[in-house]
Amino acid sequence: MFEIGPFEYQFKKNAKKIFTNHNIIIKEKEFVLITGPSGAGKSTLLSILKGIIPQFTSGKLSGEIHYKGKPLDGEYFNQNLKEILYLFQNPFSQLIYPSVPEEFFFTMENFNFTSEQMDQKKEEFKSHFDVESFWHRKTSELSHGECQRLVLASLLAIDPQVLLLDEPTAFLDPIARANFYEWLKNMKGLQTIIVVDHHLNEILPLADKVLIVGLNGEISQSSQRLSDEQKKMIEIVPFDIGIPLKNLIVPCKESVSLELSQVCFHYLGQKSLLNEISLKLTAGEVLVIKGVNGKGKSTLLKIIAGLIRPKSGKVSVMKNSKLIHYKNYFKEVGFVFQNPESHFFYDTIEEELKAFENLEDFEKLSGIFLKDVDFLRSPFLLSEGEKRRLSILMTMMMNKSIFLFDEPTFGQDQESISLIREMIIHLKAMGKVQILISHDDKFIESLSASAFELVEGHLEKVS
């Protein structure tokens, strides 16, 4: 199906390259895993295999990349639109329509499916990916996990020959993730499947071939069994970041507390999402919220941040025994959104950073959080993992009293997860109140934080 290399791609002069000096063959109906450290170039490789690079992206691509013996760009790009389908790491970037049914049918309409064919596919996939549970909702109200399932269902409905999946389980809860891997197991041998994934224990047994993208951008090929050296390239042992964050972040001298009293919420025309949520956090406390996709975790954080008003109940932020009006919550609450692009406004990272008075401190940390990143580059062109780390760093440097993190570890390798963990621990030592949404059980355990699960609109303590 694919003949790759030798080739080299570079976004611009002096930028990081992605390359291989070898010839890599991907056969029809093979299952290929692409893995490697965050920011190494895995998503870039998928974009090359789809033909997005160089068809729609600047930069220099030299060497050989062929699909069925032909190039992937030019006139061949349109010919392959139906055959090669790509699930982006950020599924919201693929949404077109405001409603779930319109979005589901959009791909089939593009390829002139009949009404009868579309109805048949609807019945097949509504239950297969549990799309039925949010069929009547707006796409803007979907969680990342729900959005991922919707986009994947709409792509699969047109029966592609090749599936390119970029971190398809990044936003899924443990049950949904296990179901997805079971689905991949059943799909193996029916289509050519190329997956970027960090969950090696689950995905490696399915792989016929492994492509490893190293930190220097070099692509190497391996069998299902990885050597110790290859494993080290992928799973970097957690470490202390070795930089005193307490010297860069001003301690929280004020007395700060956050309290929710019987908070209830539902979207217009929908059933109740949150039911009488009550909790209280004081300085230095860390709380983790788990739960099934689409059950209201992100909505709860938006209510705490003052972005959404509860239907009943109240949120109280106290500072130095003074009640803060909800319109001023933004002065005290830092919110790391689930979609990191929600944080970016300017054309370059450098322009984004000009808003920070403590730019020197930011630059010290950025060398650790964003290795080898050109600040003259657009933040929208970073890898999803790099976007997430940049959004976390920008929020952290605002020196708020309360921090809300929505899926902070998605798209991260083990080294980056360790960095984020160290940051949260230092913020705790500084007296910050922190609430995190996460499905990463190992990460949650490493924080030694209080954990609750959102079940049927109620918070239940996790033992």
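Residues numbered from 1 in each chain as written. Predicted model: local features only at pLDDT ≥ 70, side-chain atom pairs only at ≥ 80, totals over all residues. Heavy atoms only, no water.

## Describing the packing of aromatic side chains
Alright, step 1. Summed over the entire model, instances satisfying the criterion amount to 13 aromatic pairs.
Alright, step 2. Taken together, a centroid distance of 5.1 Å and an interplanar angle of 80° make the contact between Phe56 and Phe77 edge-to-face. Here Phe56 is found in the loop between helix H2 (52–55) and strand E5 (60–67), whereas its partner Phe77 is found in helix H3 (residues 75–79), with 21 residues between them in sequence.
Alright, step 3. Here the aromatic residues Phe104, Phe105 and Trp135 are joined through ring pairs into a cluster of three or more.
Alright, step 4. A cation sits over an aromatic face here: Arg377 above Phe11, 5.1 Å from the ring centre. (Phe/Tyr/Trp six-rings, centres within 6.5 Å; stacked < 30°, edge-to-face > 60°. Helix = DSSP H or I, 4+ residues; strand = E, 2+ residues; numbered from the N terminus. Lys NZ or Arg CZ within 6 Å of the ring centre and 35° of its normal.)

## Quick notes on the pairing of strand E6 (residues 84–87)
Alright, step 1. Taking every second residue as pointing to the same face, both faces of E6 are buried, with Ile84 and Tyr86 on one and Leu85 and Leu87 on the other.
Alright, step 2. Sheet topology places E6 next to strand E7 (residues 162–166); 4 bridges connect them, and they run parallel. Counted as the bridge partner of Leu85 is Leu163 from E7. (Buried < 20%, exposed > 50% of the residue type's maximum accessible area, 1.4 Å probe, protein only. Pairing = 2+ DSSP bridges.)

## Description of unusual backbone geometry
Alright, step 1. Geometrically, the link from Gly5 to Pro6 is a cis peptide bond, its omega value of 0° lying close to zero.
Alright, step 2. In this structure, Pro54 follows Ile53 across a cis peptide bond, with omega equal to 10°.
Alright, step 3. Looking at where Pro54 falls in the secondary structure, it is placed in helix H2.
Alright, step 4. For Glu456, which is not glycine, the phi torsion reads 50° and is therefore positive.
Alright, step 5. Mapped onto the elements of the fold, Glu456 is located in the loop between strand E19 (450–455) and strand E20 (458–461).

## Here we look at the layout of surface pockets
Remark: the empty space left among the atoms is shown by a probe the size of a water molecule rolled over them.
Alright, step 1. Put simply, the largest pocket is a space of about 1,100 Å³.
Alright, step 2. Only strand E1 (2–10), strand E2 (17–20), helix H1 (42–50), H2 and helix H13 (384–396) provide two or more residues apiece to the lining of the largest pocket.
Alright, step 3. Residue composition of the lining of the largest pocket, by class: 15 nonpolar, 15 polar and 15 charged. (1 Å grid on protein atoms, 1.4 Å probe; cavity = no way out; pocket = protein on both sides within 12 Å on 5 of 7 lines; lining within 4 Å. Points joined across faces, edges and corners; volume = space filled by probe spheres on them. Nonpolar A, V, L, I, M, F, W, Y, C, P; charged D, E, K, R; others polar.)

## Quick word on the environment of Lys17
Alright, step 1. Along the chain, the position of Lys17 falls in strand E2.
Alright, step 2. Among the residues examined, Lys17 registers a relative accessible area of 34% and is labelled partly exposed.
Alright, step 3. Those residues within four positions of Lys17 in sequence are excluded, and the remaining contacts are Glu8, Tyr9, Gln10, Asn216 and Gly217. (Contact = heavy atoms within 4.5 Å.)

## Here's the deal with the sheet that holds strand E15 (residues 322–324)
Alright, step 1. The strand order across the open sheet formed by 4 strands is E12-E11-E14-E15, and the pairing between neighbours is antiparallel. Each edge of the sheet is formed by a strand with only one pairing partner; in this case those strands are strand E12 (274–282) and E15. If you compare each strand with its neighbour and ignore which way they point, the axes differ by 20° on average.
Alright, step 2. Looking at chain direction, strand E14 (residues 312–319) and E15 are connected through 3 bridges and run antiparallel. In the sheet register, Val317 faces E15, and the bridge partner there is Ile324.
Alright, step 3. Packed onto the sheet, helix H10 (residues 297–304) meets strand E11 (256–265), E12 and E14 and runs at close to 125° relative to E11. (Axes fitted to C-alpha atoms, helices over the stretch in contact; angles between N-to-C directions.)

## Let's talk about the pairing of strand E9 (residues 209–213)
Alright, step 1. Buried residues dominate E9, accounting for 5 of its 5 residues.
Alright, step 2. Side-chain alternation along E9 places Lys209, Leu211 and Val213 on one buried face and Val210 and Ile212 on a second face that is also buried.
Alright, step 3. Judged from the 4 bridges that link them, strand E4 (residues 31–35) and E9 form a sheet pairing that is parallel. Its bridge partner lying in E9, Val32 is registered against Lys209.
Alright, step 4. Counting the residues in the hairpin turn of E9 and strand E10 (residues 219–222) gives 5 residues, including Gly217, whose phi is positive at 90°.

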